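# Fold and contact review
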Amino acid sequence: MNSAVYPLAVFFAAVFTNNILLANYLGMCSFLSVSRELKTSVGLGAAVTFVMATTSLLNWLVYHYILLPLDLDYLRFIVFIVVIAAFVQLVEMIIERVSETLYAALGIFLPLITVNCAILGVCLFMVIRDYDLLSSFTFGLGSGIGWFLAILAMAGIRQKLARARVPRGLEGAGITLIITGMMALAFMGFTGMIKL
Amino acid sequence: MKSRFWKERIFPVVFMVAVTVVFISVVSGIYLSTRDMVKLNESLFLKRAVLYAADITVPGKGAAVDKVYRSRVRERLDSEGLVNHFEILEDNEISGYAVFAGGPGLWGKIEAVIGFTEMRDKLTGVEFIKQNETPGLGARIAEEWFKEQFRGKMGPFVLVPEGTAQAEKEVNAITGATRTSNFVLEIINQSLEDIKEGEWPKLR
Amino acid sequence: MAKAKVKKVFLDSLGKQNPVFAQVLGICSTLAVTNVLKNTLVMTMGVVFVTALSNFTVSLMRKVIPSRVRMMVETLIIASYVIIVEIALKAFVPDIWRQLGPYVGLIITNCIIMGRAEAFALSNPAGISLVDGLASGIGYAYVLLIIAFFRELMGSGTIWGYQVMGSWWTNWSIMVMPPGAFFMLAVFIWIVKGLLLTHEEKKS
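Residues numbered from 1 in each chain as written. Chains lettered and ligands numbered in written order. Predicted model: local features only at pLDDT ≥ 70, side-chain atom pairs only at ≥ 80, totals over all residues. Heavy atoms only, no water.

## Some details on the overall build of chain B
From N to C terminus, chain B includes four helices and seven strands. Along chain B, helices (α) and strands (β) appear in the sequence α-α-β-β-β-β-β-α-β-β-α when read from the amino end. At 23 Å, chain B has a C-alpha radius of gyration far larger than the 17 Å of a compact globule built from 204 residues. Dimensions of chain B, computed from the C-alpha atoms along their principal axes, are close to 85 × 40 × 35 Å. For chain B, the proportion of its 204 residues judged to be buried stands at 48%. Taking as baseline every contact in chain B between residues at least 6 positions apart, the subset at least 24 positions apart corresponds to 42%. For chain B, the exposed surface amounts to about 10700 Å²; the carbon and sulfur share of it is 56%. Between the mean site of the 27 positive side-chain charges and the mean site of the 28 negative ones, chain B shows a separation of 10 Å. (Helix = DSSP H or I, 4+ residues; strand = E, 2+ residues; numbered from the N terminus. Rg over C-alpha atoms; globule rule 2.2 N^0.38 Å. Buried < 20%, exposed > 50% of the residue type's maximum accessible area, 1.4 Å probe, protein only. Contact = heavy atoms within 4.5 Å. Areas by Shrake-Rupley, 256 points an atom, 1.4 Å probe, with all protein chains shown as cover. Lys, Arg positive; Asp, Glu negative; His and termini not counted. Charge placed at Lys NZ, Arg CZ, Asp CG, Glu CD.)

Following this line, the structure appears as structure tokens:
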């Protein structure tokens, strides 16, 4: 594959065919609980996208310039999660000082993000798949947007669902999972569109 | 006042650093104590892969693998000291070769050891040594039945749905992992071309 | 510690308060590998180990952790245990480690582990926290094992890698692909919730 197109292909694959939520089940916890409301979904989606794109970049640098040369590969779990947590704290502090409206919109979601498995997942996948710097960034960005897309669609559907009659046992989590399954099926339709 | 400053600002940082140091040293200790074992596992894994690709029965025990490997395989290094290819020996004569080959997979790179005869007219076997395909789906390329499909044949191979392969050149795809199967086939078919032309297959 | 309390903690985690079907927590990391029973068992054993020991450790340290860095310390403890799991897999069962790939690391972000540390270990003594972690882990494990059992059975016609379905059975490929996990989990929750609801109605 042409190396100039590769990062772009990684990006589209991460958004559609290999959606981090629908194909890898990552970020399910917050997906299930937050998708109840459209407004919060948008806030969390934006925050996840931002953090994912930047931390994948940061962690790539840390991994390739610090961990690998020092042969500390085995510590990557700790290092990645600490980088993510520290970055999130930093962003929270900056947003709090700089813009009140932005803080009101995103601030409350930031602590939730540290424990969002999708963020760590992206960092681990990018390492194991040997992406270069640019591809790692587009992978992080694409995964974030893919996650955003999934939660946005789900929130929209769930708002309509609020007035629908659902079998009692399926209320809440059950029906959400079934819809997620259908979305996963639909996204599988994109397969073949992108060749990595 | 000073004690409050200590309690709210300094102590958490000191505490965090202390905890980090303690845990990292414990983890490092465990890592170092198992490092030799992991290295041994890895070299054994590679030896097994080469033997498998050369169609030599792989013994179960590690020591036995070592012994068979030493008597049947000769490593040929390139100018940088890395393995370029393996020579497979039968009664001290070269009967075939094994080489690393690889290419892109669905998620990451797929790397394999490909074995072929000295006449370059047949594959003796294929073993995958590195892949990041989805567990239970694409990762099934590592299953015996899938790898065995290439042994003793000389492609180029075509994919057919799982369980329908009949002709020699047909290969059963893995249900639910058609694309991974495609990537693997591409790697193998490309390697076959290299072999036919008298070159060494390579990592792409 | 009182025996009755231990029993209650255990029964709650396995039944009504089960982390998966009552709270739908922590399914992310493991759901991906539930298309093969063997991988699921290894992953869930890892989760049980990490949940129990991190709960225990957090509880031991609960009186000295400054609240400001509480989450960080918890994450650090969990990450350390997960690294230990990875090292152990790498050293002792390298084949399974190769299959699971990055998913072992994702145990860190399993919400159950963090959730139990926050909700239970921070306010309870070490002994009972260990029991609670163990129980939550097992409660989580058996649900996922049931899901994995059906996914492997229906998707590949096998259990633990052995063919059990006859030739009359057509594999439901969708079960081993991502959507299958969502559907299977939904059906499972439906059944359990339905049973609980009818049970409660009978009571009242």
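There is more to say, and it comes next.
## Things to note about the interface of chain B and chain A
The interface is formed by 13 residues belonging to chain B together with 15 residues belonging to chain A. In this assembly, chain B packs against chain A so that about 1300 Å² is buried in total across both faces, 57% of it on carbon and sulfur atoms. For the chain B face of the interface with chain A, the top three residues by lost area are Tyr31, Trp107 and Arg179 of chain B, together amounting to 47%. Linking chain B with chain A are one salt bridge, by the criterion used here. One salt bridge in this structure joins Asp130 of chain A and Lys130 of chain B, with 3.0 Å as the shortest N-O distance. Summed over the shared surface of chain B and chain A, the result is three residue pairs in polar contact (both at pLDDT 80 or more). Of all the secondary-structure elements, those providing two or more residues to the side of chain B that touches chain A are helix H1 (2–53) and helix H4 (178–196) of chain B. Here the element with the most residues in the side of chain B that touches chain A is H1 of chain B; it accounts for five residues. For the side of chain B that touches chain A, the per-class residue count stands at seven nonpolar, three polar and three charged. (Buried area = accessible area lost by both parts, 1.4 Å probe. Salt bridge = Lys/Arg side-chain N within 4 Å of Asp/Glu carboxyl O. Polar contact = N/O pair within 3.5 Å; in protein donor to acceptor, adjacent residues only side chain to side chain. Nonpolar A, V, L, I, M, F, W, Y, C, P; charged D, E, K, R; others polar.)

## Remarks on the side chain of Thr180 of chain B
Residue and element names in this part refer to chain B. Residue placement: Thr180 occurs in helix H4. Judged by relative accessible area, Thr180 falls into the buried class, the value being 2%. Among the polar contacts listed, one links the side chain of Thr180 to the side chain of Glu133, at a separation of 2.9 Å.

## So, the pairing of strand S2 (residues 83–90) of chain B
All names here are of chain B. Bridge count between strand S1 (residues 73–77) and S2: five bridges; the pairing is antiparallel. Residue pairing across strands places Glu75 opposite Phe86, the latter belonging to S2. The turn linking S1 back onto S2 is made up of five residues, and Gly81 within it adopts a positive phi angle of 85°. Note that S2 and strand S3 (residues 93–104) share five bridges and pair antiparallel. By the bridge assignment, Leu89 is partnered in S3 with Ile94. The hairpin formed by S2 and S3 contains two residues between the paired strands, and Asp91 there has a positive phi angle of roughly 50°. (Pairing = 2+ DSSP bridges.)

## Overview of the interface of chain C and chain A
Taken together, the 40 residues of chain C in the interface contact 41 residues of chain A. Buried area between chain C and chain A, both sides added, is near 3500 Å², and the carbon and sulfur share of it is 81%. Here chain C and chain A share two salt bridges between them. Measuring nitrogen to oxygen at the nearest pair gives 2.9 Å for the salt bridge that ties Glu201 of chain C to Arg168 of chain A.

## A short note on the packing of aromatic side chains
For the structure on display, the rule yields 23 aromatic pairs over all chains. When the centroid spacing of 5.3 Å and the interplanar angle of 90° are considered together, the rings of Phe149 of chain C and Phe150 of chain C count as edge-to-face. Residue classification places Phe149 of chain C among the partly exposed residues on the basis of a relative accessible area of 31%. Its relative accessible area of 32% is what places Phe150 of chain C among the partly exposed residues. An aromatic cluster is built from Trp145, Phe146, Phe150 and Phe157 of chain B, whose rings are joined through pairwise contacts. The side chain of Arg120 of chain B reaches across the aromatic face of Trp200 of chain B, ending 5.1 Å from its centre. If you follow Arg151 of chain B out to its NZ or CZ, it ends over the ring of Tyr52 of chain B, 4.5 Å from the centre. (Phe/Tyr/Trp six-rings, centres within 6.5 Å; stacked < 30°, edge-to-face > 60°. Lys NZ or Arg CZ within 6 Å of the ring centre and 35° of its normal.)

## Focus on the state of the cysteines
Such a bond, covalent and formed between the sulfur atoms of two cysteines, is termed a disulfide. As enumerated under the stated definition, the model contains zero disulfides over all chains in all. Among the cysteines around Cys123 of chain A, which has no disulfide bond, Cys117 of chain A carries the closest sulfur, lying 13 Å off. (Disulfide = S-S within 2.5 Å.)

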